[in-house]
Amino acid sequence: MSAIYRLQSKTQSYDWGKLGDVSKAATYAKASGTTIDNSKPYAELWMGTHPNAPSIVLDDNKTTLGDLIKNNPALSTDAIYKQYNGDLPFLFKILSIRKALSIQAHPDKTLGARLFKDFPENYKDPNHKPEMAIALTPFEALCGFRPLEEIAQHMQKYPELVELIGKETSEEFIQAAGKSDGDVEQNKALLKKVFAGLMHSPQEKVTASLSKLVARLNESKADDTISKLILRLDQQYPGGDVGVFSSLLLNYVSMEPGQAIFLGANEPHAYLSGDCVECMATSDNVVRAGLTPKFKDVDVLVNMLTYRYGSAESQKMTPVKMGDHTLLYDPPIDEFSVAWTKMEANETENHKPLAGPSIIIATSGRGILVGDDNKQHELDEGYIYFVGANTTLTAKTSDSNLEFYRAFSLPTQ
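Structure report, in brief. Source: prediction; values computed, not measured.

1. So, the overall build of the protein
On a plain count of helices and strands, the protein comes out with 12 helices and 23 strands. Here the protein has a C-alpha radius of gyration of 22 Å; the compact-globule value for 413 residues is 22 Å, and the two agree. C-alpha extents for the protein along the principal axes are approximately 70 × 40 × 40 Å. Counting over 413 residues, the protein shows a buried share of 58%. For the protein, the exposed area adds up to about 17,300 Å²; of that, 48% sits on carbon and sulfur atoms. Considering the protein, the positive charge centre built from 42 side chains and the negative charge centre built from 53 side chains are found 2 Å apart.

If you want it as structure tokens, here you go:
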């Protein structure tokens, strides 16, 4: 049987998405026949088996990818098929971000199972959701807690933050941040106390302090990155959203195309702008606490976080070579890895057989994809393919460059 199947994948329209064909999620979906409305936000393109937006095989039967995998274990290998109950263990996405997503974290497996059991109306499955984002365009995010000394500097520069956290807690934190030999676990406990104080601040106090801060920054014509970010977030989420203050505690990360961050369980983050390729374990569990009109679960978020802290650069991943034109992004989890292939005109790239299923999306240019049966498959911008396990792949270009991303899963045994 064939081991390469072209897919049609579905978009998700969330308020923070880019509008119409400005969105890469929309542009890529259009390549498979989706009609685009330029007044509508296209936030995400989902490539996988998740029941909220399952991919469809572009054949006469319009088979769902989930059914294809479930009915053909060899496409996954027995090991993957058994490990993940006949399903695909990852969800591959394109995100196109016009305005900031919520301050959020994703639960680990233990917490995910408890939240699903106790609050199924808010948490739709029991899985964890580690995720990785690779920039397609210049990309901004908040990711992980800043070094303690940076947070302490912000307390001194932005007194409105101290108003919410409390003077006593702030002074205790500034003193601890100044010690080079401080105890890490004590520092984490203190950081949790600071974050909890901020997130539990009464709404009227948040609104007043933020209004005062925004007025002060506007009056002083503040031009530094963080001050401008505060003003932008306040414009995007007006009315006193406590998440605006989170930018003073979390790392601001700026990425160029090809740079990546990995977000493990229980780590705070918020994507701010740009387009990215994202891969995650198959789950839709999100615990939110700011920059959102959606349900906020502040107590759960405050108590679930690891409170690890470090520099913005430490949040970025370092890919390794996987071929002449391919880099591998391999996060420290079982469910997925992602390869990025970047070719100029008149080049060839060979991918050795992988012992697990994969999904490919071409993000620019055009070329062809050839499998074990020597059949040629067009690989134009936006084309998406599912590739069965143990398939040798060759990508070729002629008069165009070509870039594509390949998410895959390998057995852990």
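2. Structural notes on the layout of surface pockets
Here the largest pocket defines a volume of roughly 630 Å³. Elements supplying a minimum of two residues to the lining of the largest pocket: β5 (44-47), β7 (90-97), β13 (269-281) and β14 (287-290). Counting residues per element, the lining of the largest pocket draws most heavily on β13, at 5 residues. Its residues assigned to classes, the lining of the largest pocket shows 15 nonpolar, 9 polar and 13 charged.

3. Looking at the packing of aromatic side chains
Using the criterion set out here, one finds 7 aromatic pairs in the structure. When the centroid spacing of 5.4 Å and the interplanar angle of 65° are considered together, the rings of Phe-139 and Tyr-271 count as edge-to-face. Here Phe-139, found in strand β10 (residues 139-145), pairs with Tyr-271, found in strand β13; they are 132 residues apart in sequence, far enough to count as distant. Pair check on accessibility: Phe-139 and Tyr-271 agree, each one buried. Ring plane angle 65° and centroid distance 6.3 Å describe the contact between Phe-195 and Tyr-307, whose orientation is recorded as edge-to-face.

4. Here's the deal with the environment of Ile-226
One can find Ile-226 in helix α10 (residues 225-236). Separated by 26 residues in the primary sequence, Ile-226 and Tyr-252 have C-alpha atoms spaced 8.1 Å apart. In this structure Ile-226 touches Arg-146, Tyr-158, Ser-247, Leu-248 and Tyr-252, once residues within four positions along its chain are discounted.

5. Let's talk about the pattern of salt bridges
Evaluated as defined, the whole model comprises 16 salt bridges. Residues Lys-93 and Glu-44 are paired through a salt bridge, measuring 3.0 Å at the closest nitrogen-oxygen approach. In this pair, Lys-93 sits in strand β7 while Glu-44 sits in strand β5, placing the two residues 49 residues apart along the sequence. There is no split in this pair, since Lys-93 and Glu-44 are both buried. The partner of Arg-232 in a salt bridge is Glu-140, with the nearest N and O atoms 2.9 Å apart. Residue Arg-232 is located in helix α10, and its partner Glu-140 is located in strand β10; the two are separated by 92 residues in the primary sequence. A residue is classified by how much of its surface remains accessible, and Glu-140, at 14% relative accessible area, is buried. Connected via shared salt-bridge partners are Asp-15, Arg-98 and Lys-99.

About the criteria used
Residues numbered from 1 in each chain as written. Predicted model: local features only at pLDDT ≥ 70, side-chain atom pairs only at ≥ 80, totals over all residues. Heavy atoms only, no water. Helix = DSSP H or I, 4+ residues; strand = E, 2+ residues; numbered from the N terminus. Rg over C-alpha atoms; globule rule 2.2 N^0.38 Å. Buried < 20%, exposed > 50% of the residue type's maximum accessible area, 1.4 Å probe, protein only. Areas by Shrake-Rupley, 256 points an atom, 1.4 Å probe, with all protein chains shown as cover. Lys, Arg positive; Asp, Glu negative; His and termini not counted. Charge placed at Lys NZ, Arg CZ, Asp CG, Glu CD. 1 Å grid on protein atoms, 1.4 Å probe; cavity = no way out; pocket = protein on both sides within 12 Å on 5 of 7 lines; lining within 4 Å. Points joined across faces, edges and corners; volume = space filled by probe spheres on them. Nonpolar A, V, L, I, M, F, W, Y, C, P; charged D, E, K, R; others polar. Phe/Tyr/Trp six-rings, centres within 6.5 Å; stacked < 30°, edge-to-face > 60°. Contact = heavy atoms within 4.5 Å. Salt bridge = Lys/Arg side-chain N within 4 Å of Asp/Glu carboxyl O.

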